[in-house]
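Reading the structure
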Amino acid sequence: MSSYKTPAWQRKEGQNPEGGLNAKGRASAKAEGSNLKPPVKSGKNPRRVSFAARFAGMKGPMKDENGKPTRKALALKKWGFGSVEAARNFANNNKKKKKQLKIKNTA
């Protein structure tokens, strides 16, 4: 049994230095009941659209005080976006449009 109190996905050993989680981190999260999948790097996959919509609204810097990319910037890059604006544009152009109900005029 491990001597760590926190699961691997919350520690450095479960995180990919290039952003997101590595296989060990995903396995650790799965053991706790999560169903995480690796990032979708291109295309119009609904998971990618959803990711872009969530991250487009995230606050926070893309670089830390030392000039290194933050986890947010690394995650965006891993999903194929160079900036928050790119993610926002992708999400707005690819999210499903809500259908409006047509109301019959009986008058």
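The following paragraphs examine the structure supplied in this document.

Rules of the game
Residues numbered from 1 in each chain as written. Predicted model: local features only at pLDDT ≥ 70, side-chain atom pairs only at ≥ 80, totals over all residues. Heavy atoms only, no water. Helix = DSSP H or I, 4+ residues; strand = E, 2+ residues; numbered from the N terminus. Buried < 20%, exposed > 50% of the residue type's maximum accessible area, 1.4 Å probe, protein only. Contact = heavy atoms within 4.5 Å. Phe/Tyr/Trp six-rings, centres within 6.5 Å; stacked < 30°, edge-to-face > 60°. Lys NZ or Arg CZ within 6 Å of the ring centre and 35° of its normal. Arc of directions from axis to C-beta. Polar contact = N/O pair within 3.5 Å; in protein donor to acceptor, adjacent residues only side chain to side chain. Salt bridge = Lys/Arg side-chain N within 4 Å of Asp/Glu carboxyl O.

Scanning the protein chain for helices and strands turns up four helices and zero strands. Element order for the protein chain, N to C, with α for helix and β for strand: α-α-α-α. Seen through its C-alpha atoms, the protein chain measures out along the principal axes to roughly 75 × 35 × 25 Å. The proportion of buried residues among the 107 residues of the protein chain is 27%.

Moving on, we come to the side chain of Thr70. If you trace the backbone, Thr70 turns up in the loop between helix H2 (46-56) and helix H3 (71-78). By relative accessible area, which is 16% here, Thr70 ends up buried. In contact with Thr70, other than residues within four places in its own chain, are Pro61, Met62, Lys63 and Asp64.

Our next topic: the packing of aromatic side chains. For the structure on display, the rule yields four aromatic pairs. Note on Phe51 and Phe81: the rings are 6.4 Å apart at their centroids and 10° apart in plane angle, and the pair reads as stacked. Here Phe81 lies in the loop between H3 and helix H4 (84-94) and Phe51 lies in helix H2, a separation of 30 residues in the sequence. In this pair, the class of Phe51 matches that of Phe81, namely buried. Ring centres of Phe81 and Phe90 lie 5.3 Å apart, and the angle between their planes is 55°; on these two criteria the pair is classed as tilted. Like Phe90, Phe81 is buried. Aromatic ring contacts, followed pair by pair, group Phe51, Phe55, Trp79, Phe81 and Phe90 into a single cluster. One cation-aromatic arrangement involves Arg48 over Phe90; the distance from NZ or CZ to the ring centre is 4.5 Å.

So, on to helix H1 (residues 23-31). The set of residues buried in H1 consists of Gly25, Ser28 and Ala29. Projected down its long axis, H1 carries its buried residues within an arc of 95°, all on one side. Residues Ala23, Lys30 and Ala31 are exposed on H1 and point more than 90 degrees away from its buried face. Sitting at the amino-terminal end of H1 is Asn22, which places a side-chain oxygen 3.1 Å from the backbone nitrogen of Lys24. Among the residues trailing H1, Gly33 stands out with phi positive, at a value near 105°.

Under the criterion given, the structure shown has two salt bridges. In this structure, Glu13 engages Arg11 in a salt bridge whose closest nitrogen and oxygen atoms are separated by 3.1 Å. Residue Glu13 is classed as partly exposed on the basis of its relative accessible area of 30%. One salt bridge connects Lys24 with Glu13, and the closest N-O pair in it is separated by 2.6 Å. Of this pair, Lys24 sits in helix H1 while Glu13 sits in the segment before H1, placing them eleven residues apart in sequence.

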